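So you can see what is in the structure, the chains are spelled out below.
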Amino acid sequence: MAKDPDGAIPGSAPDSWGGETDWDLIRRVSGRGGDVDPEKAWLQLVERYRIPVKRLLRRLLRDDPTSDDAADEFFSYLFQKQILPKADPEQGRFRCYIQGVMKRYARSWQRATSMPRGLEDVDELDVGTDGMSGELEREEELIWAEAVLDHALERLRRESAKDAELLVRFYGIGGVKASRGDEIAKEGGRKDNAVHVAVHRARGKLRQALLAELAPMVSTPEEFEQERQFLVTRLLAAHPGLDLAPEN
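Residues numbered from 1 in each chain as written. Predicted model: local features only at pLDDT ≥ 70, side-chain atom pairs only at ≥ 80, totals over all residues. Heavy atoms only, no water.

Caption draft 1: Focus on the overall build of the chain. Helix and strand content of the chain: 9 helices and 0 strands. When the helices and strands of the chain are read in sequence order from the N terminus, they spell out α-α-α-α-α-α-α-α-α. The 248 residues of the chain split such that 45% are buried. Contacts in the chain between residues far apart in sequence, at least 24 positions, make up 63% of those at least 6 positions apart. (Helix = DSSP H or I, 4+ residues; strand = E, 2+ residues; numbered from the N terminus. Buried < 20%, exposed > 50% of the residue type's maximum accessible area, 1.4 Å probe, protein only. Contact = heavy atoms within 4.5 Å.)

Caption draft 2: The packing of aromatic side chains, seen in detail. All told, the structure shown has 5 aromatic pairs when counted by the stated rule. Ring plane angle 25° and centroid distance 5.7 Å describe the contact between Tyr49 and Trp144, whose orientation is recorded as stacked. In this pair, Tyr49 is assigned in helix 2 (residues 38-60) and Trp144 in helix 5 (residues 134-159), connecting sequence segments 95 residues apart. Consider the rings of Phe74 and Tyr105, whose centres lie 5.0 Å apart with planes at 75°: the pair is edge-to-face. One end of the pair, Phe74, is in helix 3 (residues 67-80); the other, Tyr105, is in helix 4 (residues 94-112), with 31 residues separating them in the sequence. Tyr105 matches Phe74 in its accessibility class, with the two residues each being buried. One aromatic cluster is present, built from ring pairs that chain together Phe74, Phe75, Tyr105 and Trp109. (Phe/Tyr/Trp six-rings, centres within 6.5 Å; stacked < 30°, edge-to-face > 60°.)

Caption draft 3: Local environment of the packing of helix 6 (residues 161-171) against helix 8 (residues 192-214). Orientation of helix 6 relative to helix 8, taken along the N-to-C sense of each, is 110°, at an axis distance of 9 Å. As far as their axial angle goes, helix 8 and helix 6 are roughly perpendicular. Together, Asp163, Leu166, Leu167, Phe170 and Tyr171 of helix 6 and His196, Ala198, Val199, Ala202, Arg203, Lys205 and Leu206 of helix 8 make up the contact between the two elements. (Axes fitted to C-alpha atoms, helices over the stretch in contact; angles between N-to-C directions. Parallel < 35°, antiparallel > 145°, perpendicular 65-115°, else oblique.)

Caption draft 4: Spatial organisation of empty space enclosed by the protein. Inspection of every chain in the model, using the stated rule, returns 1 cavity of 30 Å³ or more. There is about 40 Å³ of room inside the largest cavity. Around the largest cavity sit Arg48, Tyr49, Pro52, Trp144, Ala147, Val148, His151 and Met217, which together line it. Broken down by element, the lining of the largest cavity gets its largest block of residues, 4 residues, from helix 5. A breakdown of the residues in the lining of the largest cavity according to their chemical character gives 6 nonpolar, 1 polar and 1 charged. (1 Å grid on protein atoms, 1.4 Å probe; cavity = no way out; pocket = protein on both sides within 12 Å on 5 of 7 lines; lining within 4 Å. Points joined across faces, edges and corners; volume = space filled by probe spheres on them. Nonpolar A, V, L, I, M, F, W, Y, C, P; charged D, E, K, R; others polar.)

Caption draft 5: Summary view of the pattern of salt bridges. Scanning the model with the defined rule gives 10 salt bridges in all. Taking the shortest distance from any N to any O, the salt bridge between Arg58 and Asp68 comes out at 2.9 Å. Highlighted residues: Arg58 in helix 2 and Asp68 in helix 3, separated in sequence by 10 residues. Overall, Asp68 belongs to the partly exposed group, its relative accessible area being 28%. (Salt bridge = Lys/Arg side-chain N within 4 Å of Asp/Glu carboxyl O.)

Caption draft 6: Examining the side chain of Glu146 more closely. Here Glu146 is to be found in helix 5. Here Glu146 occupies a buried position and makes no salt bridge, while the nearest side chain of opposite charge, Arg55, is found at 5.9 Å. (Lys, Arg positive; Asp, Glu negative; His and termini not counted.)

Caption draft 7: Molecular detail of the environment of Ala202. Mapped onto the elements, Ala202 comes out in helix 8. Along the primary structure Ala202 and Leu156 are separated by 46 residues, whereas in three dimensions their C-alpha atoms are 8.9 Å apart. Setting aside anything within four residues of it in sequence, one finds Ala202 in contact with Leu156, Asp163 and Leu167.

Caption draft 8: Highlighting helix 9 (residues 221-238). Between its first and last C-alpha, helix 9 extends 26 Å over 18 residues, near the 26 Å set by a 1.5 Å rise per residue. Burial in helix 9 covers these residues: Glu223, Phe224, Glu227, Arg228, Phe230, Leu231, Val232 and Leu235. (Expected span 1.5 Å × (residues − 1).)

Caption draft 9: Structural detail: the nonpolar core. Among the nonpolar cores identified, the biggest contains 62 residues, and Val53, Leu57, Phe74, Trp144 and Leu206 are the most heavily contacted of them. In terms of residue count, the dominant contributor to this core is helix 8 (9 residues). Apart from residues lying up to four places away in sequence, Trp144 is in contact with Tyr49, Pro52, Leu56, Arg95, Ile98, Gln99, Met217 and Phe230. (Core = buried A, V, L, I, M, F, W, Y, C linked by side-chain atoms within 4.5 Å.)

Caption draft 10: Up close: helix 6. For helix 6, the full list of buried residues reads Asp163, Ala164, Leu166, Leu167, Val168, Phe170 and Tyr171. Gly172 occupies a position one or two residues after helix 6 and carries a positive phi of about 65°.

The structure is reproduced here in structure tokens:
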């Protein structure tokens, strides 16, 4: 198999399409993953998606005071109603699938808070967007992209906390105010060009971490390329200069 522009070989272990993907995690949660403990897989699923689920539900519920409660109940509801065993990779990318489930769940939650009969089954509700504008759809996509970026930064921190912190400060990630290169250089007693070289190198490491986070979310090289382009576009718009596209 040919290498991608970053020099990585799509499908190479441990983050490979021949290895474990998020769909594999869904199968394990559903008890269809062989000898793997479904409870352990469930905890992995919750840990991986807890943050984007909470952020998306806050937006879908328009920051309703009950939105955090809805997020806490979301995974329990998936488990109790056996929603995940119904998941099918043929339905498309996992991101699109889980966002569709959450939209239905948000509608269900809104109805439940005003109806005495309790939370409805999301499978009985329409999957449509209820006329949501393209702008709101982009907000949802950005929340997802930022969540993947958070995971990639955490992966980079385990390798080099210094590089991760430099990128957070330089690009203003996670609510941190962006700092100019000369400001960072002055604080560290370095030259401006040294800071920019360090940022360039750190950005390359983050790019690889992002690809490693992305690989388990897709099933084919084609989906991988589509999702990579999606992430690069959304993150670059949110953080000008943070270009995580492969270098020529």
